[in-house]
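Each chain, letter by letter, is given below.
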Amino acid sequence: MVDLSTTIAGAHLDNVFFNASGVWCQHEEELQALLESGSGSLITKSATYEHREGNPSPRYLPLPSGIGSINSMGLPNEGYEYYLNYARKFDYTHAKPLFISLSGLSLADNVKMVEAFVQANLPCILEVNFSCPNVPGKPQLGYDIDAMDAALATLAPLIKKPFGIKLPPYFDIAHFDQVAAVVNKYDNLAYVTCINSVGNGLAIDLDTETALIKPKDGFGGLGGLMVLNTALANVNAFYRRLPGKQVIGVGGVVSGKEAFLHILAGASAVQIGTQLKEEGPAMFDRIKKELTEIMEKKGYKSVEEFRGKVKTL
Ligand code: DOR
């Protein structure tokens, strides 16, 4: 029997898979479907302090030939109190740990949301999103490394418990080094989730000569298969640079094969966005089966046996 279980920030997951924040997790009914699915865990839509409608539609589209998706959702969410309420009602005897994503539009908003969760003293795990590319006028904090450091200097001591951050993709070795140096400063920063969508791509329809999505003149975050190799590089770069911490891999997972590659690159868990959006939560059973088959064929009994063991030439 193959063991797909893992541990993130001290919490046990029966299998490595869960949703990428943003997909199938804005409302309680969607979260319930994740709870009932074959996933090992679940994470809520990134919350802002207030409820947000998000950007005008069309704001998400799958791209032709299965290469992935473009989105500029603009953080539509119910406001943090909705997710705090969900976390209060959550049955923590359930096998799946609950992750809560927070994406304040300012440090002050992140502080207020974190304080509310800390005060509620719940066994959920906080993941602070430093990498939404889709709010006009709000640059991604993950690309301002000093500002991210300053935010962590405020938030990490407040949170006290192990927590995670969602990072944007980086494309330069110097940036991997600089971000890792910041992350390594905070003992209770237990994991990084790599990667958020590849920000500000542009998809254009050949026939109509028109951008495919409406917000930001058609600019939006790219996800799905086309970002797999960028995601693998970020997972591996941070796996190598963050001893004692963990990496959650996300980006380009459409089958068990890409999940295996994420783990080989160093991922302790694997989140899925575009493919979950397209296929729905039944996807988790398929992908677990596919990963199990690959592991059986290769003779691996647990994910630890090959995690981070990618060979180089
Ligand atoms: O691609 C993304 N879209 N990443 C985020 O962090 C937020 C989301 C949105 O709501 O735009």
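Reading the values: rules and limits
- Residues numbered from 1 in each chain as written.
- Predicted model: local features only at pLDDT ≥ 70, side-chain atom pairs only at ≥ 80, totals over all residues.
- Heavy atoms only, no water.
- Near = heavy atom within 4 Å.
- Polar contact = N/O pair within 3.5 Å; in protein donor to acceptor, adjacent residues only side chain to side chain.
- Areas by Shrake-Rupley, 256 points an atom, 1.4 Å probe, with all protein chains shown as cover.
- Nonpolar A, V, L, I, M, F, W, Y, C, P; charged D, E, K, R; others polar.
- Helix = DSSP H or I, 4+ residues; strand = E, 2+ residues; numbered from the N terminus.
- Contact = heavy atoms within 4.5 Å.
- Pairing = 2+ DSSP bridges.
- Phe/Tyr/Trp six-rings, centres within 6.5 Å; stacked < 30°, edge-to-face > 60°.
- Buried < 20%, exposed > 50% of the residue type's maximum accessible area, 1.4 Å probe, protein only.

> Any chance you could break down the site of the ligand for me, citing the residues and the numbers?
The full set of residues close to the ligand is Lys45, Asn71, Met73, Gly74, Leu75, Pro76, Asn129, Cys132, Pro133, Asn134, Asn196 and Ser197. Side-chain polar atom of Asn129 to an oxygen atom of the ligand: 2.9 Å apart, as the coordinates give it. Between an oxygen atom of the ligand and a side-chain N or O atom of Asn134, the distance comes to 2.8 Å. In isolation the ligand has 290 Å² of accessible area, and contact with the protein removes 91% of it. In terms of residue class, the shell around the ligand is built from five nonpolar, six polar and one charged.

> Describe the environment of Arg307, and please don't skip the residues or the numbers.
Secondary-structure assignment places Arg307 in the segment after α9 (283-298). Through-space distance from the C-alpha of Arg307 to that of Leu4 is 12 Å; in sequence the pair is 303 residues apart. Look past the residues within four positions of Arg307 in its chain and what remains in contact with it is Thr6, Tyr239, Ile263, Leu264, Gly266, Ala267 and Ser268. For Arg307, the side chain forms a polar contact with the main-chain oxygen of Ala267, separated by 3.1 Å.

> Give me the sheet that holds strand β7 (residues 98-102): which residues, what numbers.
Two modes of strand pairing occur in sheets, parallel and antiparallel, and in both the strands are linked by backbone hydrogen bonds. Taken in spatial order, the eight strands line up as β3-β16-β15-β10-β9-β8-β7-β4 in an open sheet, and their pairing is parallel. In the strand order of this sheet, the two ends are held by β3 (17-19) and β4 (42-43), each with one partner. The pairing of β3 with strand β16 (residues 269-272) spans three bridges and is parallel. Bridged to Phe18 within β16 is Gln271.

> Could you give me a rundown of the packing of aromatic side chains, with the residues and numbers involved?
Applying the stated criterion to the full structure yields twelve aromatic pairs. For the ring pair Tyr170 and Phe238, a centre distance of 6.0 Å and an interplane angle of 70 degrees mean the geometry is edge-to-face. Taken together, the residues span a long stretch of sequence, with Tyr170 in the loop between β9 (163-167) and α5 (173-183) and Phe238 in helix α6 (residues 228-241) at a distance of 68 residues. Ring geometry for Phe176 versus Phe238: centroids 5.6 Å apart, planes at 90 degrees, classification edge-to-face. Taken as a pair, Phe176 in helix α5 and Phe238 in helix α6 lie far apart in primary sequence, 62 residues in all. The exposure classification of Phe176 matches that of Phe238, with both residues buried. Joined through ring pairs, the aromatic side chains of Tyr143, Tyr170, Phe176 and Phe238 make up one cluster.

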